[in-house]
Amino acid sequence: GAGMTKFGELWDMSLRDLFVDAALKAMSDAGVDTLDSMYIGNMSGGQFVGQEHLGPLMADHLGVAGVPAMRVESACASGGMALRAAYFEVASGMSDFVLASGVEKMNDGADVTGVLATASDQEEEVYYGVTFPGLYAMIARAHMEKYGTTEEDLSWVSVKAHRNGANNPHAQFRRVMSLEDVMTSSVVAEPLRLLHCSPVTDGGAALILCPADRAHEFTDQPVKILGSGAATSTLALANRMDPADLDVVELSGTRAFEQAGISPRDVDVAEVHDCFAIAEICCYEALGFVERGKGKDAAKDGVTDLGGAIPVNVSGGLKSKGHPVGATGISQAVTIVDQLRGKAGDVQVDGARIGLA
Ligand code: COA
């Protein structure tokens, strides 16, 4: 089962409302009304809305108090890591019905830039004034220096994102943007402009996992998890071997491909972390969709477009769909589930059988 809230500035929904809405949609989609366990990906409920200890709170408000529930924090990967934890619990044989969810309420008056910066190295970076847009601006500069990537190359990623997002009813921004719109938007952290940045978003997303041999009790279209890879790199960007290469994406991707027994060429559709346009270009390369140094051309040449060799971020990506940080990893998986079930409407990739988030 899969479900998600609309993403956006949702002033009439609280953190718990977002979670319950997404969780009920996933349970209803799956046709289950009991859970053995739940995981809640959330980056910073404490700082965004003053709420920690989400396990019992969310179990209670979902009406399943008593069920073991755990909050998973891994910054913008919180949702992805919650899914991985749920997957392990089912795969281990401990549980049959596990909810993997993610939720974030970013629009509630907090100093969003300051809260997001707590996900980078406080002593080595934040102390000196760097922000997340600033860190990715440095990644962009490193990529430009090493591979000749231009501001126009970054901008084509955003044009593609908004074109896809315009077709996604869940997206925060459903506006088509031209190359000129992107390249004349205001500078946020040079060379990144407003339309190269993901926005500040409220949202929730949820999945129900069960053992593969029970899935047919609930659906004729089960979606199997073939592999899951995770990795860590240095937290401080300055300590990376090469800031232009997302080593952590390469490592986690390689692990997932190995477990699944497939290669990047086998992937029909992918959702990657485009928190800033440069990140998507780095992901193309780190995941092996294109050679290193060729990522800059992929969006411009239509390689990652719908109908291209490897459609990426058909949901509109973080850029247009929105980026409620702790929910993002789960929402990417929800998009992939819709694609593999052939239910993605105007952004359906014909015959998609293998997806990657
Ligand atoms: N993309 C498109 N439009 C955006 C946008 C974005 N990322 N962010 C804001 N807007 C729009 C708003 O809707 C608003 O439009 P309106 O005037 O028509 O209503 C306008 O731009 C100004 O919005 P505002 O909220 O005042 O922008 P801001 O300057 O406070 O914030 C950013 C803009 C880019 C700084 C903010 O979105 C941001 O910090 N993004 C990065 C988030 C981040 O780092 N996430 C973690 C990544 S790892």
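Notes on the structure follow. (Residues numbered from 1 in each chain as written. Predicted model: local features only at pLDDT ≥ 70, side-chain atom pairs only at ≥ 80, totals over all residues. Heavy atoms only, no water.)

**Here's the deal with helix 9 (residues 247-260)**
Piece 1. With 14 residues, helix 9 extends 20 Å from end C-alpha to end C-alpha; this agrees with the ideal 20 Å at 1.5 Å per step.
Piece 2. Check the buried side of helix 9 and you find it contacts helix 10 (277-286) and strand 9 (355-356).
Piece 3. Just beyond helix 9, the residue with positive phi is Gly-261, at close to 70 degrees. (Helix = DSSP H or I, 4+ residues; strand = E, 2+ residues; numbered from the N terminus. Expected span 1.5 Å × (residues − 1). Contact = heavy atoms within 4.5 Å.)

**As for the site of the ligand**
Piece 1. As a matter of local geometry, the ligand sits amid 14 residues, with Leu-116, Cys-197, Ser-198, Pro-199 and Lys-319 nearest to it.
Piece 2. The contact in question runs from a nitrogen atom of the ligand to an N or O atom on the backbone of Cys-197, over 2.8 Å.
Piece 3. Between Ser-198 and the ligand, the recorded distance is 2.8 Å, taken from a backbone N or O atom to a nitrogen atom.
Piece 4. Expressed as a share of its isolated accessible area of 920 Å², the protein-covered part of the ligand is 61%.
Piece 5. Here the ligand is seated within the second largest pocket.
Piece 6. In terms of residue class, the shell around the ligand is made up of 11 nonpolar, two polar and one charged. (Near = heavy atom within 4 Å. Polar contact = N/O pair within 3.5 Å; in protein donor to acceptor, adjacent residues only side chain to side chain. Areas by Shrake-Rupley, 256 points an atom, 1.4 Å probe, with all protein chains shown as cover. 1 Å grid on protein atoms, 1.4 Å probe; cavity = no way out; pocket = protein on both sides within 12 Å on 5 of 7 lines; lining within 4 Å. Sits in = over half its atoms within 2 Å of the grid points. Nonpolar A, V, L, I, M, F, W, Y, C, P; charged D, E, K, R; others polar.)

**Notes on the pattern of salt bridges**
Side chains that differ in sign of charge can pair as their charged atoms come close.
Piece 1. Tallied over the full model, the rule gives 18 salt bridges.
Piece 2. Lys-146 serves as the salt-bridge partner of Asp-245, at 3.1 Å between the closest nitrogen and oxygen. Taken together, the residues span a long stretch of sequence, with Asp-245 in the loop between strand 7 (202-209) and helix 9 and Lys-146 in helix 6 (residues 132-147) at a distance of 99 residues.
Piece 3. Here Arg-292 ties to Glu-250 by a salt bridge, and the two come within 2.6 Å at their closest N and O atoms. Of this pair, Arg-292 sits in the loop between helix 10 and helix 11 (295-298) while Glu-250 is found in helix 9, placing the two residues 42 residues apart along the sequence.
Piece 4. Among the charged side chains, a network of salt bridges with common partners joins Lys-146, Asp-242, Asp-245, Glu-250 and Arg-292. (Salt bridge = Lys/Arg side-chain N within 4 Å of Asp/Glu carboxyl O.)

**Side note on the packing of aromatic side chains**
Piece 1. If you walk through the whole model with that rule in mind, you get five aromatic pairs.
Piece 2. Between Tyr-127 and Tyr-128, the aromatic rings sit 5.1 Å apart at their centres with planes inclined by 85 degrees, giving edge-to-face as the arrangement. (Phe/Tyr/Trp six-rings, centres within 6.5 Å; stacked < 30°, edge-to-face > 60°.)

**Quick notes on the layout of surface pockets**
Piece 1. By volume, the second largest pocket is sized at about 420 Å³.
Piece 2. Along its surface, the second largest pocket is lined by 26 residues, and Cys-197, Ser-198, Pro-199, Val-200 and Phe-276 are the ones closest to its centre.
Piece 3. Only helix 5 (112-117) and helix 6 provide two or more residues apiece to the lining of the second largest pocket.
Piece 4. For the lining of the second largest pocket, the residue count by class is 20 nonpolar, four polar and two charged. (Points joined across faces, edges and corners; volume = space filled by probe spheres on them.)

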